[in-house]
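Below, each chain spelled out in residue letters.
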Amino acid sequence: MTERLAGKVALVTGGTSGIGAGTVARLRNDGAQVFFTGRNEDAGREIAGQTGATFIRHEVSDVDGWADVIAQIRDALGRLDIAFANAGMERGDGSVEDISLDGWNGILAVNQTGVMLTVQHAIRAMRDNPDGPTGSIIINSSMNANRAMGNFVAYSVTKAAVVALAKSAAIHCGNQGYKIRVNAILPGVVETALISNLIASNENPDAMRAGYAGMSPLKRMGEVEEIAALVSFLGSDEAAFISGADLTIDGASTAGMMGL
Amino acid sequence: MSAGRLAGRVAFVTGGLRGIGHAAAARMLDEGATVIVSDLDSESDAHDLLGDLADRVGYVQANVTDEGDWARALDHVQQAHGACHILVNNAGIDLTGTVETLELEDWRRIMAINVDGVFMGTKRFVPLMAESGSEVEGGASIVNVSSIMGLVGYAEVSAYNASKGAVRLFTKGIAIEFATKGMPIRANSVHPGFVETPLLKAGFQRWVDKGVAEKPQDLVDAMNAATPMGRLAQPREIAAGIAFLAGPDASYMTGSEMVIDGGWTAQ
Ligand SMILES: NC(=O)c1ccc[n+]([C@@H]2O[C@H](COP(=O)([O-])OP(=O)(O)OC[C@H]3O[C@@H](n4cnc5c(N)ncnc54)[C@H](O)[C@@H]3O)[C@@H](O)[C@H]2O)c1
């Protein structure tokens, strides 16, 4: 346990698995009070039990539910200091030639509108903090914001869009005189349960694992804990002058060509 | 703050007597590292400049443009500590002026300090860091101090732009190189915005002397107004980013860039 985030209240969307769940644990470990949202009630209860964080059942694109999420946090602790806009998915994605309109709209609703709603409601909550408008918002984009994938058009587009969202929100907060920082992180391939399951269920798991690992010159995927550590840093006062930034955390996957 | 995050690590910081380098040394010391700094000043001047850090950090008088000085610096670190886990290539100077009036001599000087210095430090320290890196979680770490001026152009700053842009891409090149060769060294660049240091103050004074503004405070006001967060950075805010990249929490970050500019380049 550290005291780095002592006294801070955090919200993590999509906190019931993967990077979100890892971040809930890390922020708790760094001393923050943590609320997290998601759709999977069983996982939510289990993570809440393990970490002492509070689960709120909420789907990130559910507009009407947002007021209630924020009200629960404010009623309990009267403030919000850190928001990690993490919920995202790629179900129904495809190439630009083939994707269905439903597939496209579904991904935009979560990855783009869901993130916008998170940032919007976080700013409105942080604006009313007892010691004035302060806070740190972190958006989980992806290295695919900078390196688009041909067979995941909606994912690539939404992950690029939320980098611009982070910058726009950062400038807005500055213009308003709010001490609210907004940044985006761009992870490479991270070994979440989702990826592990994909690998396990593939007919050639070793080749698939090597394929994912080989996207980074480090020849390994990132770990959930490594991404969570960056979120914790950005959420802390150590990052007090970092706003409007996009931070790549991908084991040099997008730093350039790998060479021969 | 998480004390002891850098416990057991040896860090070398160039240009560590003032500004960002000084703050980085202090920060890493706070987090438990053994710190050695280098700079141009004599031992006794260094003692005064280090102030309350003087008893706790090592000092090597060394010019980053001098290969012999680098050999001595490495020797010092190796003799005294037998390891190096963190190298912060921070020493740097600025240069302003319209391109047609820049002297080749001045261009070469800024390239020698800001670019050759980073290259030579990396070249010299990498063999030792490759050994030391396997001892610590997340490996050894090189943090190169570039600038927002290494990301975007700025009028009458072209030479500094070129030098800091070189640092940015040099860092990505070595990051990929170390990773693909399985060497336990990460490399990242830090891109500070306008930081309240002696370098910035001297730069502002030069603009005033040139008649760009009436007094330095006018330039500070203009910078504040142009920065979304509405203020300059303090050296310790850059130091915190350097310490993060230096340590185990940044174990998957290599070939990356950390912009610490209060939103300046987001606009
Ligand atoms: N201050 C800013 O606004 C700012 C913004 C972006 C980037 N930077 C960069 O940060 C780094 C540190 O800058 P600072 O603002 O702390 O500057 P500073 O002038 O306050 O400190 C720099 C230190 O480097 C030393 N140095 C200069 N030339 C050297 C040489 N040849 N060999 C060894 N040491 C040498 C100086 O003596 C000084 O102690 C520089 O690389 C600078 O370009 C500064």
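Everything that follows concerns the structure shown earlier in this document.
Because the structure is predicted, anything quoted here is derived from the model rather than measured.

## What about the overall build of chain A?
Check the secondary structure of chain A and you find eight helices and seven strands. In terms of overall dimensions, chain A is globule-like: its C-alpha atoms have a radius of gyration of 18 Å, near the 18 Å expected for 260 residues. Its C-alpha atoms give chain A principal-axis dimensions of roughly 55 × 40 × 35 Å. Going through the 260 residues of chain A one by one, you find that 57% of them count as buried. Residue pairs in contact within chain A that sit at least 24 positions apart in sequence constitute 69% of those at least 6 positions apart. With 20 positive and 28 negative side-chain charges, chain A shows a spacing of 6 Å between the two charge centroids.

## Regarding the pattern of salt bridges
Residue and element names in this part refer to chain A. Enumeration according to the criterion identifies 27 salt bridges over all chains in this entry. We note a salt bridge from Arg4 to Glu238, for which the minimum N-O separation is 3.0 Å. Note that Arg4 is positioned in the segment before strand 1 (9-12) and Glu238 in the loop between helix 8 (224-235) and strand 7 (246-249), a separation of 234 residues in sequence. With respect to burial, Arg4 and Glu238 carry one shared label: buried. Of the charged contacts in the structure, one is a salt bridge between Glu191 and Arg209, with a shortest N-O distance of 2.7 Å. Here Arg209 lies in helix 7 (residues 205-213) and Glu191 lies in the loop between strand 6 (179-187) and helix 6 (193-201), a separation of 18 residues in the sequence. Accessibility expressed as a relative area gives 35% for Arg209, which makes it partly exposed.

## Some points on the sheet that holds strand 4 (residues 82-85) of chain A
Residue and element names in this part refer to chain A. Strand order in this open sheet of seven strands is 3-2-1-4-5-6-7, and the pairing throughout is parallel. With one partner strand each, in any of the chains shown, strand 3 (54-57) and strand 7 form the two edges of the open sheet. Within this sheet the neighbouring strands show an average axis-to-axis angle of 20°, counted without direction. Set on the sheet, helix 2 (residues 41-51) makes contact with strand 2 (33-38) and strand 3; between it and strand 3 the angle comes to about 165°. Along the sheet, helix 4 (residues 101-127) makes contact with strand 4, strand 5 (134-140) and strand 6, crossing strand 5 at roughly 170°.

## Description of the side chain of Ser251 of chain B
In this fold, Ser251 of chain B is placed in the loop between helix 8 (235-246) and strand 7 (257-260). A relative accessible area of 14% means that Ser251 of chain B is categorised as buried. A polar side-chain atom of Ser251 of chain B sits 2.5 Å from a polar atom in the side chain of Glu226 of chain A. Here Ser251 of chain B is in contact with Arg220 and Glu226 of chain A together with Gly138 and Arg186 of chain B, once residues within four sequence places are set aside.

## Digging into the pairing of strand 3 (residues 58-61) of chain B
All names here are of chain B. When strand 2 (residues 34-39) meets strand 3, the two strands line up parallel, connected through four bridges. Counted as the bridge partner of Ile36 is Gly58 from strand 3. Handedness of the β-α-β unit built from strand 2, helix 2 (residues 43-50) and strand 3 comes out right-handed.

## Brief notes about the side chain of Lys8 of chain A
Residues and elements named next belong to chain A. By the secondary structure assignment, Lys8 is in the segment before strand 1. Looking at Lys8, its side chain comes within polar contact range of the side chain of Asp237, at 3.0 Å. Not counting chain neighbours up to four residues away, the residues in contact with Lys8 comprise Ala32, Gln33, Asp81, Ile82, Gly235, Ser236 and Asp237.

## Here's the deal with the interface of chain B and chain A
Of the residues lining the interface, 34 residues belong to chain B; the matching set on chain A comes to 39 residues. Taken together, both faces of the contact between chain B and chain A bury some 3,000 Å²; the carbon and sulfur share is 64%. Viewed at the interface, chain A and chain B are joined by three salt bridges. Linking Glu238 of chain A and Arg5 of chain B is a salt bridge whose minimum nitrogen-to-oxygen distance equals 3.2 Å. The interface formed by chain B and chain A contains 14 residue pairs in polar contact (both at pLDDT 80 or more).

## Things to note about helix 2 of chain A
Residues and elements named next belong to chain A. Every buried residue belonging to helix 2 is among Ala43, Gly44, Ile47, Ala48 and Thr51, and all of these are buried. Around the axis of helix 2, the buried residues are gathered within 135° of arc, so they sit on the same side. Residues of helix 2 that are exposed and angled more than 90 degrees away from the buried face: Asp42, Arg45, Glu46, Gly49 and Gln50. With a side-chain oxygen lying 3.2 Å from the backbone nitrogen of Asp42, the N-terminal cap of helix 2 falls on Asn40. Just past helix 2, the residue Gly52 takes up positive phi, approximately 80°.

## Looking at the packing of helix 3 (residues 65-77) of chain A against helix 4 of chain A
All names here are of chain A. Their axes nearest at 11 Å, the elements helix 3 and helix 4 cross at an angle of 40°. Seen from above, helix 3 lies across helix 4 with right-handed handedness. From helix 3, Trp66, Ile70 and Arg74 reach across to helix 4, where they touch Leu117, Thr118, His121 and Ala125. The residue inventory of the contact of helix 3 with helix 4, partitioned by class, reads four nonpolar, two polar and one charged.

## Some remarks on the nonpolar core
Counting 116 residues, the largest nonpolar core has Phe12 and Met28 of chain B as its most contacted members. Residues within four places of Met28 of chain B in sequence aside, it is in contact with Leu6, Ala11, Val13, Ala33, Val35, Ile86, Val88, Ala243 and Ala246 of chain B. Grouped together as the second largest cluster of nonpolar side chains are 40 residues, Val69, Ile70, Ile99 and Ala154 of chain A included.

About the cut-offs
- Residues numbered from 1 in each chain as written.
- Chains lettered and ligands numbered in written order.
- Predicted model: local features only at pLDDT ≥ 70, side-chain atom pairs only at ≥ 80, totals over all residues.
- Heavy atoms only, no water.
- Helix = DSSP H or I, 4+ residues; strand = E, 2+ residues; numbered from the N terminus.
- Rg over C-alpha atoms; globule rule 2.2 N^0.38 Å.
- Buried < 20%, exposed > 50% of the residue type's maximum accessible area, 1.4 Å probe, protein only.
- Contact = heavy atoms within 4.5 Å.
- Lys, Arg positive; Asp, Glu negative; His and termini not counted.
- Charge placed at Lys NZ, Arg CZ, Asp CG, Glu CD.
- Salt bridge = Lys/Arg side-chain N within 4 Å of Asp/Glu carboxyl O.
- Pairing = 2+ DSSP bridges.
- Axes fitted to C-alpha atoms, helices over the stretch in contact; angles between N-to-C directions.
- Polar contact = N/O pair within 3.5 Å; in protein donor to acceptor, adjacent residues only side chain to side chain.
- Right-handed = clockwise from strand over helix to strand, strands pointing away.
- Buried area = accessible area lost by both parts, 1.4 Å probe.
- Arc of directions from axis to C-beta.
- Left-handed = near helix turned anticlockwise from the far one by under 90°.
- Nonpolar A, V, L, I, M, F, W, Y, C, P; charged D, E, K, R; others polar.
- Core = buried A, V, L, I, M, F, W, Y, C linked by side-chain atoms within 4.5 Å.

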